[in-house]
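Overview (structure and organization)
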Amino acid sequence: MATPLIEFDNVTKRFGEKTVLDKINLKIYENQITTIIGKSGTGKSVLLKHIIGLIKQDEGTILFQGKPVDTMKKSEWKACRSQIAFLFQNNALLDSMTVFDNVAFPLRQTTSLSRDEIKKRVLQRIEDLELTEAIHKFPSELSGGMQKRVALARALVTDPKIVLFDEPTTGQDPIRKNMILSMITHYRRKFGFTAVMISHDIPDVFFISDRIIILWEGAVGFEGTYEEAVKKKLPLIDEFLRSLEGFEDELTSLLSREAFRMHYSAMLGGSSTAAAVSAALFSIRLNLVNEALGSQAALEVLRALGKYTNKRFRPIGGFSARHSRDEILTIFPHTSIDEARQLVAGFAQELKCEALDRVQGIAIARIGKETSFDIHIRAGVTSVSSTDAINQIMDKARVDQEIIVTHRCGSGGNEQ
Amino acid sequence: MAPLAKIHISNAIVPLFSFVGAGTLRLLGNFGAIAVFFSLAFVNIFRRKQLREIVKQVFYIGARSSLIVLLVGLFTGMVLGLQLFYTLVKFGSVGALGSAISLTLVREMGPVLAAIMITARAGSGIAAEIGILRISEQVDALYSMGVDPVRYLVSPRIAAAIISFPLLTAFFDLIGIIGGYLTGVLLLGTNGGTYFYRVQSSLSMVDIQGGFIKSLVFAIIVSGVCCYQGYFCHMRSDGYGAKAVGMATVSAVVISCVMILVADYVVTSFIM
């Protein structure tokens, strides 16, 4: 693997008698989203502050692009640090300044850009984060969620190479949480920065993270992908992940993945081997919708799909969960594949007529009435055998996926 | 009996020496830290993009303190006029009223009282403001944005104090002399011409320079102490959060006032 962008080598930090970080070893790679999770008081924020130099380690070495930070010249470290932005847990907005001045502050202080250029960049970020109406307000006049977005705008305004997010979604409603996470992925793609994030927004944080690091009792309990964490089944980590993942997915009101897995196991255990079981995999190209219509519209589509899946299939015994950021898997017990296809066809009709109309308003506000954008919802139906693992069902269904709904946003509404 | 007595003495003396020694070391450590902190901040005054912040702080420390300085200066001059008039009458030297008031104000009371008033008004504000920025992580936020917090928060305040203190002292002296005129001349009937002649003839450039030197020293002390107390309020052992800010503000004012009087004696002994 490539040289890590940031590496902790046996880093220890003590506050008085208490050892917060105990010989931490971890690696953060370029152009990835690395998420740090762990119980309260396990030193997640302390770890993040070590990266930017706000806290100095007592022992061990922190390496930046393979070079120990302690041996760097002052100018060298300053150059490294200028590539890093930090989003504080409590936002740390400059409370005597307006939203505009807060976002403009790093540009005014650290660059020699003209006033017009600064204004242009600041207004762009403010618009991206839907803060236009708050532009002349002071932080104390804003809600917690808006303050968080102002802090995010300030962190991103300098186009940093590395962004450290200390619980960026705390205090946000499910839609905003997902919007912020979407925005992080969107900007990561757009500007190519490396993100290190502390977050407990499961499952979404796992969908967007390339790697997760679980801090446990002051040490790294696990480092790797989410799939690896689940596969390893380390008892402490398994218990912790379960405690974080509720019974329901906050955004879509569908089952959590863990609850889905339990339902699926119970269904296989309780049913006779002869009973037919089918599954449908619904998906949206969320990234495309995000690019064209913005994250709010993208999340509304996903939410509508989730809610309608629940509404339509739960009464007949079906159960669903989101298995990636934009894929929903539904299991139909006691249903043959033909019956399942009919159910999906009926579902598509209702979804098109009722649920997706809500997206129209948001879409028009974004792209206007003159232009249009088609949202496609795909579905693949497959039969399920008693030996199939969830991943196998998804793979089979993915092969047969086809467009079941096309919703035209902008100049027309429903199509196809 | 002798060894027992020795033990008693050592038992009593060792903790005493330990207490005094630890206190002295802490005090010296603090002075050293303030000196280093001040030096860093002073160097940063001359960096780019500082002028705007310095002007803001001159307005806050200087212009907005002028009313209180005017009031205190006026009444100090008026009280001096009364006190000195009745004292000089006893010696038949009422004509020296202008000299006595102007020399007292320019050499001593002007710099000291102006500095104490600015400490009470602006120094406490500086300590509290920086303290709040510190406990709400705004200082850390500045650092994370690549802005040196000492350069942004402390240097402009020190520069503004260095500019404002001598100006406010001169203002205090002038108003004080006018206050003395109000009581000495208008109220008690001393000759106005004699009053101003004595003011002019008795004040030499050395007196005025001495007053300004003192005000510069006080500016350095007050700005350094107040900024230091606010900046490091999170490291206090006697309180956390809002309480730490309160304690830092109290410490800033008390230490500044005591240091002003101590420095006044030291500077006076050098320039006399």
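Refer to the preceding data block for the structure.
Here the residue index of a chain counts from 1 through its sequence in written order. Chain letters and ligand numbers both follow the written order, the letters beginning at A and the numbers at 1. Where local features are concerned, this predicted model is filtered to residues with pLDDT of at least 70; where side-chain atom pairs are given and counted, the filter is 80 or more; whole-chain, interface and lining totals use all residues. Processing note: side-chain calculations cover all non-hydrogen atoms of the structure and skip hydrogens and water entirely.

Observations concerning the packing of aromatic side chains
Stated precisely, the cut-off is as follows: Centres within 6.5 Å are what make two rings of Phe, Tyr or Trp a pair, Trp counting through its six-membered ring; a difference in plane orientation under 30 degrees is then read as stacked, over 60 as edge-to-face, and the rest as tilted. Whether a charge lies above a ring is judged from NZ of Lys or CZ of Arg, which has to be within 6 Å of the ring centre and within 35 degrees of the ring normal.
Scanning the entire structure with this criterion turns up 19 aromatic pairs over all chains. Clustering of aromatic rings is evident, with ring pairs tying together F282(A), F313(A), F332(A) and F347(A). Over the ring of Y143(B) we find R81(A), and its NZ or CZ is 3.9 Å from the ring centre. Its guanidinium or amino end placed over the ring of Y60(B), R121(B) lies 5.3 Å from that ring's centre, counting from NZ or CZ.

Looking at the sheet that holds strand β3 (residues 33-38) of chain A
Residue and element names in this part refer to chain A. Definition in use: In this scheme, strands are said to pair when DSSP sees at least two bridges between them. Each helix is a run of H or I in the DSSP string that is no shorter than four residues. Each strand is a run of E no shorter than two, and both are numbered from the N terminus. The axes used here are C-alpha line fits, helices contributing only the stretch in contact, and every angle between their N-to-C directions lies in the interval 0 to 180 degrees.
The 6 strands are arranged β6-β7-β8-β3-β9-β10 in an open sheet whose pairing can be described as mixed. The sheet terminates laterally at β6 (84-87) and β10 (219-224), the two strands that pair on one side only. The sheet shows a mean angle of 15° between the axes of neighbouring strands, taken without regard to direction. Note: β6 against strand β7 (residues 162-166), 4 bridges, orientation parallel. If you follow L87 over to β7, its bridge partner there is F165.

Considering the side chain of T12(A)
All names here are of chain A. The condition is simple: Remark: exposure states derive from per-residue accessible area (1.4 Å probe, protein chains only) relative to the maximum for the residue type, with buried under 20%, exposed over 50%, and partly exposed in between. Pairs of residues are marked as contacts when any of their non-hydrogen atoms sit within 4.5 Å.
Its place among the elements puts T12 in strand β1 (residues 6-15). Take T12: its relative accessible area is 1%, and that puts it in the buried class. For T12, the residues in contact, after removing those within four places along its chain, are T19, L21, D22, K23, Q57, D58 and E59.

Side note on a nonpolar patch on the surface
The criterion, for reference: Patch membership is restricted to residues that have no salt bridge and whose relative accessible area is over 30%. Joining uses 9 Å for like charges and 5 Å for the nonpolar side chains Val, Leu, Ile, Met, Phe, Trp and Tyr. Per-residue accessibility takes into account occlusion by the displayed protein chains alone, with areas from the Shrake-Rupley method and a 1.4 Å probe. Note on definitions: salt bridges are taken to be side-chain nitrogens of Lys or Arg within 4 Å of carboxyl oxygens of Asp or Glu.
Judged by side-chain polarity, I213(B), V250(B), V254(B), V258(B), V262(B), Y265(B), V266(B), F270(B), I271(B) and M272(B) come together as a nonpolar surface patch covering roughly 1,000 Å² of accessible area. Exposure remark for I271(B): the relative accessible area of 36% places this residue in the partly exposed category.

Quick word on the environment of S283(A)
All names here are of chain A. Keep this limit in mind: Any pair of nitrogen or oxygen atoms within 3.5 Å is treated as a polar contact; in protein, a donor-acceptor pairing is required on top of that, and neighbouring residues in sequence qualify only through side-chain atoms on both sides.
Note that S283 resides in strand β11 (residues 277-284). Overall, S283 belongs to the buried group, its relative accessible area being 9%. Residues S283 and E327, spaced 44 residues apart in sequence, show a C-alpha to C-alpha distance of 4.4 Å. Other than its neighbours up to four places away in sequence, S283 contacts D326, E327, H376, I377, R378 and Q401. Looking at S283, its side chain comes within polar contact range of the side chain of Q401, at 3.1 Å.

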